[in-house]
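Letter by letter, the chains look like this.
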Amino acid sequence: MNKKMIPVFIVFIVAMVLVSTWPYVVESRMPVNRFISQQKKSGMIPVVQFVTDDAQAKSAQEAADIFNRKAPTKVVLKAFDLNENMKSAEGYNMGASAGYVIVDADGNVGAQNYGIITADALTEIIAGVHTH
């Protein structure tokens, strides 16, 4: 290889690496993914609730509060507006409906369903989710 081509080759390789990793960088900066990452780092079980209005967000938060008062395992619920986070919702096959996703300790989807989470549903789901 010609010595003049070595810098061009190196620049090409660096550009290819950047192009291939860019989608992951963009995805990791999405609000839902940042929330999940932060809660996992702190040792909590993240519950992502996609909502279409404030009443749904309030109902989901009340369910999480009730669950946390009586259960030994604690969850952190955050409601995300479906319209503002449509790409994340589509990533979990939520479509245009309210729904929730619970991420286990390994970072896998432990449970997901349509609708607004309830304290009873949390109790049932968390019993079967890997929490540590």
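Residues numbered from 1 in each chain as written. Predicted model: local features only at pLDDT ≥ 70, side-chain atom pairs only at ≥ 80, totals over all residues. Heavy atoms only, no water.

1. Observations regarding the overall build of the protein chain
No. 1: Across its full length, the protein chain holds five helices and four strands.
No. 2: Walking the protein chain from its N terminus toward its C terminus, one meets helices and strands in the order α-α-β-α-β-α-β-β-α.
No. 3: Out of the 132 residues belonging to the protein chain, those deemed buried represent 33%.
No. 4: Excluding contacts between residues fewer than 6 apart, the proportion of contacts in the protein chain whose partners are at least 24 apart in sequence is 59%.
No. 5: Only carbon and sulfur atoms are counted for the fraction: they give 58% of the accessible area of the protein chain, which is about 8400 Å². (Helix = DSSP H or I, 4+ residues; strand = E, 2+ residues; numbered from the N terminus. Buried < 20%, exposed > 50% of the residue type's maximum accessible area, 1.4 Å probe, protein only. Contact = heavy atoms within 4.5 Å. Areas by Shrake-Rupley, 256 points an atom, 1.4 Å probe, with all protein chains shown as cover.)

2. Observations concerning the sheet that holds strand β3 (residues 99-103)
No. 1: Strand order in the open sheet formed by four strands is β2-β1-β3-β4, and the pairing between neighbours is mixed. Sheet topology places β2 (75-81) and β4 (109-114) at the edges, where each strand pairs with a single neighbour. Each strand axis lies, on average, 15° off the axis of its neighbour in the sheet, ignoring direction.
No. 2: Strand direction decides the pairing type here: β3 and β4, joined by five bridges, are antiparallel. From the neighbouring strand, valine 101 faces β4, where its bridge partner is glutamine 112.
No. 3: Sheet strands in contact with helix α2 (residues 31-41) are β1 (45-51), β2 and β3, and its direction is about 160° off that of β1.
No. 4: The strands touched by helix α3 (residues 54-70) within the sheet are β1 and β2, with β2 carrying the most contacts at an inclination of about 175°. (Pairing = 2+ DSSP bridges. Axes fitted to C-alpha atoms, helices over the stretch in contact; angles between N-to-C directions.)

3. Considering the confidence of the model for the protein chain
No. 1: Confidence along the protein chain averages 84 in pLDDT terms, with 85% of residues attaining 70 or more.
No. 2: The weakest mean pLDDT in the protein chain belongs to helix α1 (residues 5-28) at 63; the strongest belongs to α3 at 95. (pLDDT = per-residue confidence, 0-100.)

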